[in-house]
Amino acid sequence: MSVHGYPWEENRELYQQLIYHGRQFLNLELFQDIRDRELMMIVYDSFEEQNHLAPGWDRDFSPEGVPYYWHESWPEDKTVWEHPSNPNFRRALDMKFHELLQDPKLNSNAHKKEDHDEEEDASGISGSDEDELIPQTKPILVKSQSQRVIVTSKKQLSENDEKDNADD
């Protein structure tokens, strides 16, 4: 485990699984900066919870291998496809995202890199980041035709413009 103790920092496969899980089941949106660590901890907790069920819940699998769930108090024919804890984690993630977005103290410092020998990206995965950061109190929200993107650097902004022009 890394110095910070984030389980995904030195495990790119775990990081990719967390991103997939967060986007697929929790509507994950990232800032692409240090604030993402708090969001990723919620995603990690949700990911770990997928193999556990609260008392009264049970799980089975469809013939295709997709899990489905039911509660013992429900009629026999009632089931759900979503893990019972996902709505709670989705709400927690949404609340934390908006808290981080609206906190001026966090937003004013969010784009400053920590003082390390080797810089880290928003996920905590070590790497090089040569982006020139945009001085601002809040990220820029760019709506492209395909998706909503939060831009925090000039390089990312120009990449988003190039992608939109290529889509036209």
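Being a predicted model, the structure only gives us computed values, none of them experimental.

## Considerations on the nonpolar core
At step 1: Counting 18 residues, the largest nonpolar core has W8, L18, L28, L30, L39, M40 and L93 as its most contacted members.
At step 2: By residue number, the principal contributor to this core is helix α2 (residues 36-49), which donates five residues.

## A short note on helix α1 (residues 12-25)
In an α-helix there are 3.6 residues to a turn, and that puts residues three or four apart on one side.
At step 1: In a regular helix each residue adds 1.5 Å, so 14 residues correspond to 20 Å; α1 covers 20 Å between its end C-alpha atoms and thus fits that length.
At step 2: Taken as a whole, α1 has its buried residues at L14, Y15, L18, I19, H21 and G22. Projected down its long axis, α1 shows its buried positions confined to an angular sector of 165°, all on one face. In α1, the exposed positions angled more than 90 degrees off the buried face are occupied by E13 and Y20.
At step 3: Where the residues of α1 are buried, they touch α2 and α3 (86-102).
At step 4: For α1, the N-terminal capping position is held by N11, with its side-chain oxygen 3.2 Å away from the main-chain nitrogen of E13.
At step 5: N27 occupies a position one or two residues after α1 and carries a positive phi of about 60°.

## As for the pattern of salt bridges
At step 1: Under the criterion given, the structure shown has five salt bridges.
At step 2: Measuring nitrogen to oxygen at the nearest pair gives 3.2 Å for the salt bridge that ties E99 to K96. In this pair, E99 and K96 are both assigned in helix α3, three residues apart and thus about one turn of the helix distant.
At step 3: For E99, a relative accessible area of 42% translates into the label partly exposed.
At step 4: Judged by its relative accessible area of 19%, K96 is buried.
At step 5: Three or more residues are tied together by salt bridges with common partners; here these are E38, K96 and E99.

Parameters and conventions
- Residues numbered from 1 in each chain as written.
- Predicted model: local features only at pLDDT ≥ 70, side-chain atom pairs only at ≥ 80, totals over all residues.
- Heavy atoms only, no water.
- Core = buried A, V, L, I, M, F, W, Y, C linked by side-chain atoms within 4.5 Å.
- Buried < 20%, exposed > 50% of the residue type's maximum accessible area, 1.4 Å probe, protein only.
- Helix = DSSP H or I, 4+ residues; strand = E, 2+ residues; numbered from the N terminus.
- Expected span 1.5 Å × (residues − 1).
- Arc of directions from axis to C-beta.
- Contact = heavy atoms within 4.5 Å.
- Polar contact = N/O pair within 3.5 Å; in protein donor to acceptor, adjacent residues only side chain to side chain.
- Salt bridge = Lys/Arg side-chain N within 4 Å of Asp/Glu carboxyl O.

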